[in-house]
Amino acid sequence: MKLTRIYLSVISACTAFTPFLVNSAGLSMSQLATAKSVATAGAANVTNSSDSSATISNAAALSGIEASSYISGAQYINVFNQFTRDDTGASSEASKGLIAPHASYAKRLNEESVFGISLHSAGGLGVKYSNGVGANPINLISENAITVVDATGGISYRVTNKLSLGASLILQYMKVDVIGGVNTNLKELATGDNIASSFALSSYYELSESTHLGMQYRHKTDHEIDVETSLDINPTAALSWITSVDMGLKHALSEQSALMINAKFENWEDYDDKYRWTYSLGLGAERQINKLTIYAGASYDSSPVSENNRDVLLPVDEQWRVGFGGEYELDSGNQLGLAYQYQNNGAADISADNELLQPTGSYENNRIHFVTVSYRH
């Protein structure tokens, strides 16, 4: 009888959470795997015109590249949180470490145009639960992961001496894996992947010699994932990676230092209609000291969901980030970068009082560490 109840619970749960698998333990990352992006907490992304990673953050800004540029990097991501239920006092820790890569290349085609290509992780993450998701006695899910990788091709066209416009075509690969808990006897509870296309439009404007403006609109990416399960159902999940609008300003205080201001909006209603638009504000700075360029920054994101609609698969609230790092110019003229960023995902309280995925409770130490190394030519 106990096993029958567990089996019926698994079926009900699988049916319930299948539409939400895309963002299970997944985040839309504010930073690329480059030292400048991680160190400034993403505040420098949309106004970056110095290297090929602009293919991702603002293709129009590729106009700042003189001949060619390439950059490669990798960031180590370590995620941790602990959820405690109000009803039983039971708790479960979610933790994991993983590596996200970055590679991009850009080349000037003529006086007006620059083309760039890139490969990077737009979001994702993955966690293992010490006592199942939500510390539920059924221990339905023991591991939960999403992989989101973008292959992007972008082009910048200089319209005037001050204005450049850009466009990007994005092919996004998405993979979801959910491993069953110890009490379910279902190792691979659900898995599926898909490739879908999207696009981005951008602009880069030189307001003055010292002040530059950047903006990028990225359209949502719609996926239809054929989910394979350990049960007798294999549903198709219609999932979307979110729409975003990114705006920024970079102002040079001198030849050696500059400030970057960033504002970003993300439409989490693309993920689920219970969610909402969010806004992000960021501030970054850079300072060049001989061959060393130092970066620092901080950013804030509003919460995408209320306590009543939040679930244990996506325990994000207001998010705070702070980063620092630098790049050192080698004898070859190339730049070697190292940076660190701390992200706090907030208290992420849940008050829905649904025992399975929305049990009433709260999180402690809901954070992520980022460490990245990059090499830029």
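Refer to the structure printed above.
Residues numbered from 1 in each chain as written. Predicted model: local features only at pLDDT ≥ 70, side-chain atom pairs only at ≥ 80, totals over all residues. Heavy atoms only, no water.

Asker: Pulling in residues and values, what's your account of the pairing of strand 15 (residues 292–301)?
Answerer: When strand 14 (residues 277–289) meets strand 15, the two strands line up antiparallel, connected through 10 bridges. Pairing of glutamate 286 across the sheet is with tyrosine 295, part of strand 15. As consecutive antiparallel partners, strand 14 and strand 15 are separated by two residues, and within that stretch asparagine 290 has a phi angle of approximately 55°, a positive value. Relative to strand 16 (residues 319–329), strand 15 is paired through 10 bridges, and the arrangement is antiparallel. Pairing of alanine 296 across the sheet is with phenylalanine 324, part of strand 16. (Pairing = 2+ DSSP bridges. Helix = DSSP H or I, 4+ residues; strand = E, 2+ residues; numbered from the N terminus.)

Asker: Which residues make up the side chain of glutamate 327, and what are the values?
Answerer: As for its placement among the helices and strands, glutamate 327 is situated in strand 16. The buried category is assigned to glutamate 327, whose relative accessible area is 2%. Of note is the side chain of glutamate 327, whose polar atom sits 2.8 Å from the side chain of tyrosine 295. Reaching out from glutamate 327, the side chain makes a polar contact with the side chain of arginine 376 at a distance of 2.9 Å. Beyond its immediate sequence surroundings of up to four residues, glutamate 327 is in contact with Ala35, Lys291, Leu292, Thr293, Tyr295, Gln335, Leu336, Gly337, Ser374 and Arg376. (Buried < 20%, exposed > 50% of the residue type's maximum accessible area, 1.4 Å probe, protein only. Polar contact = N/O pair within 3.5 Å; in protein donor to acceptor, adjacent residues only side chain to side chain. Contact = heavy atoms within 4.5 Å.)

Asker: Give me the pairing of strand 14: which residues, what numbers.
Answerer: Pairing of strand 13 (residues 257–267) with strand 14, which is carried by 11 bridges, proceeds in the antiparallel orientation. Residue pairing in the sheet places leucine 259 in a bridge with alanine 285 of strand 14.

Asker: How would you explain unusual backbone geometry if you had to name every residue and give the values?
Answerer: Notably, alanine 348 is not glycine yet its phi reads approximately 50°, a positive angle. Within the secondary structure, alanine 348 sits in the loop between strand 17 (335–344) and strand 18 (361–376). The exposure class assigned to alanine 348 is buried, which follows from its relative accessible area of 0%. If you check the backbone angles, asparagine 365 has positive phi at about 50° while not being a glycine.

Asker: I'd like to hear about a nonpolar patch on the surface, residue by residue, with values.
Answerer: Among the surface-exposed residues, Tyr70, Tyr105, Leu109, Phe115, Ile117 and Ile155 lie close enough to one another that they form a single nonpolar patch of about 530 Å² accessible area. Counting through the fold element by element, leucine 109 comes out in the loop between strand 3 (91–108) and strand 4 (113–129). With a relative accessible area of 54%, leucine 109 lands in the exposed category. (Patch = residues over 30% accessible without salt bridge, like charges linked within 9 Å, V, L, I, M, F, W, Y side chains within 5 Å. Areas by Shrake-Rupley, 256 points an atom, 1.4 Å probe, with all protein chains shown as cover. Salt bridge = Lys/Arg side-chain N within 4 Å of Asp/Glu carboxyl O.)

Asker: Pulling in residues and values, what's your account of the side chain of glutamine 75?
Answerer: With respect to the element layout, glutamine 75 can be found in strand 2 (residues 68–85). Classification of glutamine 75 by relative accessible area gives buried; the value is 2%. In this view, glutamine 75 contacts Met29, Gln31, Leu32, Ala33, Val38, Leu98, Ile99, Ala100, Phe370, Val371 and Thr372; residues no more than four positions away in its chain are not counted.

Asker: Describe the environment of serine 197, and please don't skip the residues or the numbers.
Answerer: Mapped onto the fold, serine 197 is located in strand 7 (residues 188–206). Taking the C-alpha atoms as reference, serine 197 lies 16 Å from threonine 55; in sequence the two are 142 residues apart. What serine 197 contacts, discounting residues up to four positions off in sequence, is Ile170, Leu171 and Thr221.

Asker: Would you mind going over the packing of aromatic side chains in detail, with residue names and values included?
Answerer: By the definition in use, this model includes seven aromatic pairs. On the numbers, 4.9 Å between centres and 45° between planes, the contact of phenylalanine 83 with tyrosine 363 is tilted. Of this pair, phenylalanine 83 sits in strand 2 while tyrosine 363 sits in strand 18, and the two are 280 residues apart along the sequence. Pairwise contacts between aromatic rings join Tyr279, Tyr300 and Trp320 into one cluster. (Phe/Tyr/Trp six-rings, centres within 6.5 Å; stacked < 30°, edge-to-face > 60°.)

Asker: Quick one: what's the story with a negative patch on the surface, residue by residue and with numbers?
Answerer: Residues Glu188, Asp193, Glu224, Asp226 and Glu228 make up a contiguous surface patch of negative charge. Counting residues per element, the ones that place at least two in the negative patch are strand 7 and strand 9 (221–226). Its place among the elements puts glutamate 224 in strand 9. (Lys, Arg positive; Asp, Glu negative; His and termini not counted. Charge placed at Lys NZ, Arg CZ, Asp CG, Glu CD.)

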